[in-house]
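Read off the chains here:
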Amino acid sequence: MRDALVAAAYELFPERGYEQTTVDDIVALAGVGRRSFFRYFPSKEDVVFPDHERCLADMTAFLADGSDDDDPVRRVCDAARLVLRMYAENPAFSVQRYRLTKQVPGLRAYELSVVWRYERALAEYLRRRFAARRDGTLQADVIAAAVVAAHNNALRSWLRSDGQGNAGATVGHALDYVQSAFGGVPVPPAVEQPEDVVVVVSRRGAPLWRVVQEIETTLGRG
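To start, this report covers the structure provided alongside it. Residue indices follow the written sequence of each chain, beginning from 1 at its first position. Owing to the predicted nature of the model, reporting of local features is limited to residues with pLDDT of at least 70; listing and counting of side-chain atom pairs is limited to 80 or more, with chain, interface and lining totals taken over all residues. Side-chain calculation: all heavy atoms of the structure are included, whereas hydrogens and water are not.

Here's the deal with the overall build of the chain
Link 1 in the chain: Secondary structure elements are defined from DSSP: runs of H or I of at least 4 residues count as helices, runs of E of at least 2 residues count as strands, and each element is numbered from the N terminus. Across its full length, the chain holds eleven helices and zero strands.
Link 2 in the chain: Listing each helix as α and each strand as β along the chain from the N terminus yields α-α-α-α-α-α-α-α-α-α-α.
Link 3 in the chain: For the chain, buried positions account for 37% of its 222 residues.
Link 4 in the chain: If you take every contact in the chain between residues at least 6 apart in sequence, the share linking residues at least 24 apart comes to 65%.
Link 5 in the chain: Note on areas: these come from Shrake-Rupley sampling with a 1.4 Å probe, and a residue is covered only by the protein chains present in the view. Looking at the chain as shown, the accessible area adds up to about 13500 Å², and 52% of this sits on carbon and sulfur atoms. The classification of residues rests on relative accessible area computed with a 1.4 Å probe and restricted to protein chains. Under 20% of the type maximum is buried, over 50% is exposed, and intermediate values are partly exposed. Here, residues are in contact when the closest pair of their heavy atoms is within 4.5 Å.

Dropping the structure here:
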């Protein structure tokens, strides 16, 4: 029934336009009731992106199943490949959705919110892995953003080509770039700078003001 609703929606969107197509139109074509629609999709926007919730759950589980021996940057790059696999499973559908999303501002905004959830999942994993590092949170957020940017740049390039070519190779090249930039590079621990120690040799019995003057001269404050 879920697949039937998605198929009905994507049959109507090109014919009537996204804005003009109602939930009632979709359920009528699918031959089900409104309750059935909302059992699977909270809103009309969700039927446009029917597989992202599953993919996000798969990504979160994949990250949680990793070990402390894993290179964290490689792990998040591999997690991003799960999103690619979702798109590559049905290139025709992915291209159709890409075109639809470009035409409807509301869907672009919705897609950005989905992308942000992917990025947040990657960042949360990296924050845990980098908790002991200096600037660990900053590194986690920057790397997560880089992974998403690289993945989406290559993915959009593939979608603009109408799904032609090897999507895995295209996205893999982009993620390898992130891996080479951030992966496997040890972050040195914070090193405290030693305090300056000044030794002043003064004549016994010299007045205190003379000792202070010599100290100030040594420190360059005189």
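Considerations on the packing of helix α9 (residues 136-160) against helix α10 (residues 167-182)
A pair of packed helices is characterised by two quantities: the angle between their axes and the separation of those axes.
Link 1 in the chain: Here α9 crosses α10 at 155 degrees, and the two axes come no closer than 8 Å. Of the possible angle classes, the one that applies to α9 and α10 is roughly antiparallel. For the pair α9 and α10, the sense of crossing is right-handed. Every residue of α10 that contacts α9 at Val142, Ile143, Ala146, Val147, Ala150, His151, Ala154, Leu155 and Trp158 is listed here: Ala167, Thr170, Val171, Ala174, Leu175, Val178 and Phe182.
Link 2 in the chain: Its residues assigned to classes, the contact of α9 with α10 comprises 14 nonpolar, two polar and no charged. Axis lines are fitted through C-alpha atoms, for helices just across the contact stretch, and the angle between N-to-C directions can take any value from 0 to 180 degrees. Any angle between 65 and 115 degrees counts as roughly perpendicular, while under 35 counts as roughly parallel, over 145 as roughly antiparallel, and the rest as oblique. For a crossing to be left-handed, the near helix must be turned anticlockwise from the far one by less than a right angle; the clockwise case is right-handed. Each residue is assigned to one of three groups, with Ala, Val, Leu, Ile, Met, Phe, Trp, Tyr, Cys and Pro labelled nonpolar, Asp, Glu, Lys and Arg labelled charged, and all others, Gly among them, labelled polar.

Topic: the pattern of salt bridges
Link 1 in the chain: We define a salt bridge as a side-chain nitrogen of Lys or Arg found within 4 Å of a carboxyl oxygen belonging to Asp or Glu. For the structure on display, the rule yields ten salt bridges.
Link 2 in the chain: Among the salt bridges present, the one from Arg127 reaches Asp141, with a minimum N-O distance of 2.8 Å. Within this pair, whereas Arg127 is found in helix α8 (residues 105-129), its partner Asp141 is found in helix α9, the two being separated by 14 residues in sequence.
Link 3 in the chain: By relative accessible area, which is 28% here, Asp141 ends up partly exposed.
Link 4 in the chain: A single salt-bridge network, built from bridges that share partners, covers Asp78, Arg81 and Asp176.

Some details on unusual backbone geometry
Trans is the common state for peptide bonds, and a negative phi is the common state for residues other than glycine.
Link 1 in the chain: One non-glycine residue with positive phi stands out, namely Asp135, at about 60 degrees.
Link 2 in the chain: If you trace the backbone, Asp135 turns up in the loop between α8 and α9.
Link 3 in the chain: Relative accessible area serves as the criterion here: at 48%, Asp135 is assigned to the partly exposed category.
Link 4 in the chain: Of note, Asp162 is a non-glycine position whose phi angle comes to about 65 degrees, a positive value.

Points about helix α5 (residues 52-64)
Link 1 in the chain: The span you would expect from a helix comes to 1.5 Å times its residue count less one. Its 13 residues give α5 an end-to-end C-alpha distance of 18 Å, which sits within 8% of 18 Å, the value for a rise of 1.5 Å per residue.
Link 2 in the chain: Burial in α5 covers these residues: His52, Cys55, Leu56, Met59 and Leu63. The buried residues of α5 occupy one face: seen down the axis, they fall within an arc of 100 degrees.
Link 3 in the chain: Structurally, α5 contributes buried residues whose contacts are with α6 (72-88), α7 (91-103) and α8. Think of it as the arc spanned by the lines of direction from the helix axis to the C-beta atoms.

Side note on the nonpolar core
Link 1 in the chain: Formed by 40 residues in total, the largest nonpolar core has its most connected members in Met59, Tyr118, Leu122, Leu126 and Val147.
Link 2 in the chain: Secondary-structure elements contributing two or more residues to this core are α5, α6, α7, α8, α9 and α10.
Link 3 in the chain: Among all residues touching Tyr118, those that are not within four sequence positions of it are His52, Cys55, Leu56, Met59, Val83 and Met86.
Link 4 in the chain: We define a nonpolar core as any set of buried Ala, Val, Leu, Ile, Met, Phe, Trp, Tyr and Cys residues linked to one another through side-chain atoms lying within 4.5 Å. Among the nonpolar cores identified, the runner-up in size contains 20 residues, and Tyr18, Val27, Phe41 and Leu100 belong to it.

Looking at the side chain of Asp51
Link 1 in the chain: Within the secondary structure layout, Asp51 lies in the loop between α4 (44-48) and α5.
Link 2 in the chain: Here Arg97 takes part through its side chain, which lies 3.1 Å from a polar atom of the side chain of Asp51.
Link 3 in the chain: If near-sequence neighbours (up to four positions away) are discounted, Asp51 is found in contact with Arg2, Met86, Phe93 and Arg97. Distance and chemistry together define a polar contact, namely a pair of N or O atoms within 3.5 Å, with one atom able to donate a hydrogen and the other to accept it when in protein, and with adjacent residues in sequence counting only for side-chain atoms on both sides.

Everything listed here is a matter of coordinates, which is why it stays silent on function.
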